[in-house]
Amino acid sequence: MEMQTASSTQTSPPAQSPDPPDPGAWTLEKAQALYHAPFNNLLFLAQTVHRQNFDPNKVQLSRLLSIKTGGCPEDCGYCSQSARHETGLEASKLMEVRRVIAEATKARDAGATRYCMGAAWRNPKARDMDAVVAMVEGVKALGLETCMTLGMLDLEQAVRLKQAGLDYYNHNIDTSERYYSEIIGTRSFAERLETLDHVRKSGIKVCCGGIVGMGEEPVDRIDMLVTLANLPEHPQSVPINMLIPIAGTPLADAKPIEPIEFVRVIALARIMMPKSHVRLSAGRTAMTDEMQALCFFAGANSIFFGDTLLTADNPGEDKDTLLFRRLGIDPMELEAQ
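Predicted model, so just to flag it, every value in this text is computed and none were measured.

Asker: Hey, could you run me through the overall build of the protein in this one?
Answerer: Per the secondary structure count, the protein includes 12 helices and 12 strands. Buried positions account for 54% of the 337 residues belonging to the protein. Per element, the accessible surface of the protein, about 15,200 Å² overall, is 51% carbon and sulfur.

Asker: Would you mind going over unusual backbone geometry with me for this structure?
Answerer: Residues other than glycine predominantly adopt negative phi, and peptide bonds predominantly adopt the trans conformation. The backbone phi angle of D174 is positive, close to 75°, even though this residue is not glycine. Considering the arrangement of structural elements, one finds D174 in the loop between strand 4 (168-170) and helix 7 (177-180). On the accessibility criterion, D174 (2% relative accessible area) is buried.

Asker: Can you walk me through the environment of Q236 in this structure?
Answerer: Mapping Q236 onto the fold places it in the loop between helix 9 (218-229) and strand 7 (237-242). By relative accessible area, Q236 is classed as partly exposed at 27%. On a C-alpha basis, the gap between Q236 and Y168 in space is 8.4 Å, while along the polypeptide they are 68 residues apart. Dropping the residues within four chain positions of it, Q236 is found in contact with Y168, K205, V206, S276 and H277. Engagement of the side chain of Q236 in a polar contact is seen with the backbone nitrogen of V206, the distance being 2.8 Å.

Asker: Just checking my understanding: could you explain the pattern of salt bridges for this structure?
Answerer: Close approach of charged atoms allows side chains with opposite charge to pair. In the structure shown here, the tally under the stated rule is 18 salt bridges. Here R160 ties to D130 by a salt bridge, and the two come within 2.4 Å at their closest N and O atoms. Separated by 30 residues along the polypeptide, R160 in helix 6 (residues 155-164) and D130 in helix 5 (residues 126-141) bring together distant segments of the chain. When its relative accessible area of 33% is taken as the criterion, R160 is described as partly exposed. Among the salt bridges present, the one from R178 reaches D220, with a minimum N-O distance of 2.5 Å.

Conventions adopted
- In this convention, every chain numbers its residues from 1, walking through the sequence in written order.
- Residue-level local features of this predicted model are given only where pLDDT is at least 70; pairs of side-chain atoms are given and counted only at 80 or more, and the full residue set underlies all totals for whole chains, interfaces and linings.
- For the side-chain quantities, the full set of heavy atoms in the structure was used; hydrogens and water were omitted.
- We count a stretch as a helix when DSSP gives it H or I for four or more residues in a row; a strand needs E for two or more, and each element gets its number in order from the N terminus.
- Partly exposed describes any residue whose relative accessible area lies between the buried limit of under 20% and the exposed limit of over 50%, with all areas from a 1.4 Å probe on protein chains only and scaled to the type maximum.
- To be clear on the numbers: accessible area is Shrake-Rupley with a 1.4 Å probe, and residue cover counts the displayed protein chains and nothing else.
- Contact criterion: two residues are considered in contact whenever any of their non-hydrogen atoms come within 4.5 Å of each other.
- The term polar contact refers here to a pair of N or O atoms within 3.5 Å; inside protein, the definition further demands a hydrogen-donor-capable atom paired with an acceptor-capable atom, and it admits residues adjacent in sequence only when both atoms are side-chain atoms.
- Each reported salt bridge corresponds to a side-chain nitrogen of Lys or Arg within 4 Å of a carboxyl oxygen of Asp or Glu.

Read these as spatial facts, not as claims about activity.
The structure is reproduced here in structure tokens:
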């Protein structure tokens, strides 16, 4: 019996991507063509790009701590920490520096290489900066990469954080510019880009991604990635969050994104920003092991580990360790500073 060759059974050509274009060169049309390619072709290309830039069996582990919870004046429709939403979350004061350092020490000893600290602020006040700087210095002294998300920053604040040793600053654009006003009314899309500009100019690495499953259309997910890929520099870290619907928020009843569609977002992020760490972020408690495995194959190579993400649940360390063992994945070592 005559054997069929691979070429004779292939019904469509693999997704094609030229050499990764420079930041600013991506068009919505080009990104859409990749996103809507046959799923196997999209994943093959994403895994190819991933292997060209990273060890495919290494994942970077981060730990996230809420250093100031609740009471935020913003109206982000997804957020349990907004003072405008009745979520039952009580606001807290800024955590003491020594407690933050103690929590970071435990995270390092558990295998984290990056420690992220988040405060529910519109922007940090002058009275808070000394404590925030001390947190960065203390966590940095433990040998960890440092990351913070504090809301909007001006250039002076960004420079001060850089001088303290801050490695990454997280400030997500959340969604496309078109859909943004459906989710947030108290801070403009342009203001988010302005903060990212201040972070870049200070020399801090940018951590910037978004949230999917907020009622947006596929074109919004794609356009969000186009915006990120067309920044003056690709964000060094790109967290992709799957919405965790929170009771009491406007998005409490949002329809979940289909798993295959989520994996497509991960794959497109990897192809468009080949050297960025793509973080499989919020929403992992709702993902099967098989869905997470597809995300790692599509190019995700960073996760938050620990029991909580700010105020939301996260898979426990034991569950992540077991999944990594099943997949043959090892934690990524800290890069030389």
